[in-house]
Amino acid sequence: MDELRTKYLEAIAAAADESALEELRVQAVGKKGEVSLKMRELGKMTPEERQVAGPALNALKTEITSALAAKKVALADAALDARLATEWLDVTLPARTRRVGSIHPISQVTEEVTAIFADMGFAVAEGPQIETDWYNFDALNIPGHHPARAEMDTFYTHRAERDDRPPHVLRTHTSPVQIRSMEKNGAPIRIICPGRVYRADYDQTHTPMFHQVEGLALGKDISMANLKWVLEEFFTAFFGTGVKTRFRASHFPFTEPSAEVDIQCSWEGGTVKVGEGDDWLEVLGSGMVHPNVLKAGGIDPDEYQGFAFGMGIDRLAMLKYGIPDLRAFFDSDLRWLRHYGFASLDQPTLHGGLNR
Ligand code: PHE
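No experiment lies behind these values; they were computed from the predicted model shown.

Cut-offs used in this document
Residues numbered from 1 in each chain as written. Predicted model: local features only at pLDDT ≥ 70, side-chain atom pairs only at ≥ 80, totals over all residues. Heavy atoms only, no water. Helix = DSSP H or I, 4+ residues; strand = E, 2+ residues; numbered from the N terminus. Near = heavy atom within 4 Å. Polar contact = N/O pair within 3.5 Å; in protein donor to acceptor, adjacent residues only side chain to side chain. Areas by Shrake-Rupley, 256 points an atom, 1.4 Å probe, with all protein chains shown as cover. Nonpolar A, V, L, I, M, F, W, Y, C, P; charged D, E, K, R; others polar. Expected span 1.5 Å × (residues − 1). Buried < 20%, exposed > 50% of the residue type's maximum accessible area, 1.4 Å probe, protein only. Arc of directions from axis to C-beta. Contact = heavy atoms within 4.5 Å. Salt bridge = Lys/Arg side-chain N within 4 Å of Asp/Glu carboxyl O. Phe/Tyr/Trp six-rings, centres within 6.5 Å; stacked < 30°, edge-to-face > 60°. Lys NZ or Arg CZ within 6 Å of the ring centre and 35° of its normal. Domains from an automatic or database assignment. Axes fitted to C-alpha atoms, helices over the stretch in contact; angles between N-to-C directions. Parallel < 35°, antiparallel > 145°, perpendicular 65-115°, else oblique. Left-handed = near helix turned anticlockwise from the far one by under 90°. Pairing = 2+ DSSP bridges.

Turning our attention to unusual backbone geometry. With an omega of -5 degrees, the peptide bond running from Ala 187 to Pro 188 counts as cis. Mapped onto the elements, Pro 188 comes out in the loop between α8 (176-185) and β4 (189-198). For Ser 332, which is not a glycine, the phi torsion comes out positive at approximately 55 degrees.

Set out below in structure tokens:
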């Protein structure tokens, strides 16, 4: 019995894995195991011998069984320790840095402008960037021979004489949305339309794609005085301070009378500053909507009248945030975008503030 005990306890202690342990269990205490066979011999013994051998064999069986169980637990612990060691992970390490994008000044200023006009009751309207020449020109009282078509440096998608489709252009201004809004909603109306426009032009203050916001207000007795108030109110809110404006008599085929509006600025030191100096930057064209335009939009000019304006969003952004060169807006230079961009979760609102 001592021999059996030594043999199995040593083998159990040396077992490398669970299957080795299982083999030992079968050999020792399985149905035909060595200990079990010994137990069967108890029947042949005298009662005296059995009284000694029985409990001893039982004790041996218990001892081997519990050694097997203990070794099984020890092997599982060791396996877990090994796995934990390979899967170890330092949760105190700093996280990977994530690059955060920024809002482009044009998007920022568009939001600011929209918030101000929305507060004055203007809804946002939209139209396509590829327009028919009817919406871009004819409906706006610019007939085919009119010099304004040439002056605008229009991009044509194709020439009329080359196929049967009506000529399409990249819209040269947001004014075609005036007509589309009149057709859709009739009068009275109060809308703005921010969006992209295109003209073949390129220098420090012109790019072939730029942004305008159109304004249109029609009613029974809307006048030039309302136009002036709305624009002055807008500039004060937008620049966050009183700003000198200059209304110059001008001409547009789609307004009568017409006025261009300039904003006081200085260009000292290569950056533009608004509200000082004695330079002016033209930021918009405006006037009372021409009766022919109302008619083209399906509105009776004897019943309704009103004003329209078209403002350069890029110019406003340059003025407000001191950005000297318009071309850089569209170069996608990351250094420029990081410098002039705005926090993406900090949208401009009237209650949260419009100036950054
Ligand atoms: N569409 C004109 C432009 O692009 C601006 C404008 C709009 C003028 C509305 C008068 C009325 O220059």
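There is more to say after this.
Moving on, we come to the site of the ligand. Taken together, 14 residues are adjacent to the ligand, and His 173, Ser 175, Arg 199, Gln 212 and Gly 310 come closest. Within the side chain of Ser 175, one N or O atom sits 3.0 Å away from a nitrogen atom of the ligand. Arg 199 is positioned such that a nitrogen or oxygen atom in its side chain is 2.7 Å from an oxygen atom of the ligand. For the ligand, whose free accessible area comes to 320 Å², the fraction covered by protein is 92%. Elements with a minimum of two residues in the shell around the ligand: β5 (209-219), β9 (279-289) and β10 (305-312). In the shell around the ligand, the residues fall into four nonpolar, eight polar and two charged.

It is worth spelling out helix α1 (residues 2-14) at this point. In an α-helix, one full turn covers 3.6 residues, which means residues spaced three or four apart are oriented alike. Its 13 residues give α1 an end-to-end C-alpha distance of 18 Å, which sits within 8% of 18 Å, the value for a rise of 1.5 Å per residue. Among all positions of α1, only Leu 4, Tyr 8 and Ile 12 are buried. Down the axis of α1, the smallest arc covering the buried residues is 50 degrees, so these residues share one side. What points out from α1, more than 90 degrees from its buried face, is the exposed set Asp 2, Glu 3, Glu 10, Ala 13 and Ala 14. Tucked into the core, α1 has its buried residues touching α2 (18-29), α3 (34-40) and α4 (47-86).

We now examine the pattern of salt bridges. Per the stated rule, a full pass over the model turns up 14 salt bridges. Here Lys 220 and Glu 303 are joined by a salt bridge, their closest N and O atoms 2.8 Å apart. Here the residue Lys 220 occupies a position in the loop between β5 and α9 (224-239), and Glu 303 occupies one in the loop between α10 (291-296) and β10, the gap between them amounting to 83 residues. Taking the relative accessible area as the measure of exposure, Lys 220 reaches 51% and is therefore exposed. When salt bridges with common partners are traced through the structure, they connect Arg 246, Arg 248, Glu 260 and Asp 262 into a single cluster.

Turning to the packing of aromatic side chains, a few remarks are in order. Aromatic ring pairs: the centre-centre distance and the angle between the two ring planes describe each pair. Taken as a whole and judged by the stated rule, the model has 13 aromatic pairs. Taking 5.9 Å as the distance between ring centres and 40 degrees as the angle between the ring planes, the aromatic pair formed by Phe 329 and Phe 330 counts as tilted. The buried category is assigned to Phe 329, whose relative accessible area is 2%. Taken together, Phe 117, Phe 122, Phe 234, Phe 235, Phe 238, Phe 239, Phe 307 and Phe 309 form an aromatic cluster joined through their ring pairs. Residue placement shows Lys 228 over the ring face of Phe 247; its charged tip is 5.5 Å from the ring centre. It is Arg 327 that lies over the ring of Tyr 202; its NZ or CZ is 5.5 Å from the centre.

This brings us to the side chain of Lys 320. Structurally, Lys 320 can be placed in helix α11 (residues 313-321). Among the polar contacts listed, one links the side chain of Lys 320 to the backbone oxygen of Phe 238, at a separation of 2.7 Å.

Another point: the domain arrangement of the protein chain. The domain architecture assigned to the protein chain consists of domain 1 (2-86) and domain 2 (106-340). Each of domain 1 and domain 2 was reduced to a C-alpha centroid, and the two centroids are 94 Å apart.

One can describe the packing of α1 onto α2 by two numbers: an axis separation of 10 Å at closest approach and a directional angle of 165 degrees. Here α1 is positioned roughly antiparallel relative to α2, judged by the angle of their axes. For the crossing formed where α1 meets α2, the hand is left-handed. Every residue of α2 that contacts α1 at Tyr 8, Ala 11 and Ile 12 is listed here: Leu 21, Leu 24, Gln 27 and Ala 28. Its residues assigned to classes, the contact of α1 with α2 comprises six nonpolar, one polar and no charged.

Let us now look at the packing of helix α5 (residues 105-119) against α9. At a minimum axis distance of 10 Å, the contact between α5 and α9 shows a crossing angle of 130 degrees. When the interaxial angle is binned, α5 and α9 end up oblique. Regarding α5 and α9, the two cross each other, and that crossing is right-handed. Note on element contacts: α9 touches α5 through Val 230, Phe 234, Ala 237 and Phe 238, opposite Val 109, Glu 112, Val 113, Ile 116 and Phe 117. A per-class count over the contact of α5 with α9 returns eight nonpolar, no polar and one charged.

With that settled, consider the pairing of β4. Counting buried positions along β4 gives eight out of ten residues, so the element sits mostly inside the fold. Inspection of the sheet shows strand β1 (residues 123-124) paired to β4 by two bridges, in the parallel sense. Bridge assignment links Val 124 to a residue of β4, and that residue is Ile 192. Pairing between β4 and β5: ten bridges, direction antiparallel. Paired with Pro 194 across the two strands is Val 213, which belongs to β5.

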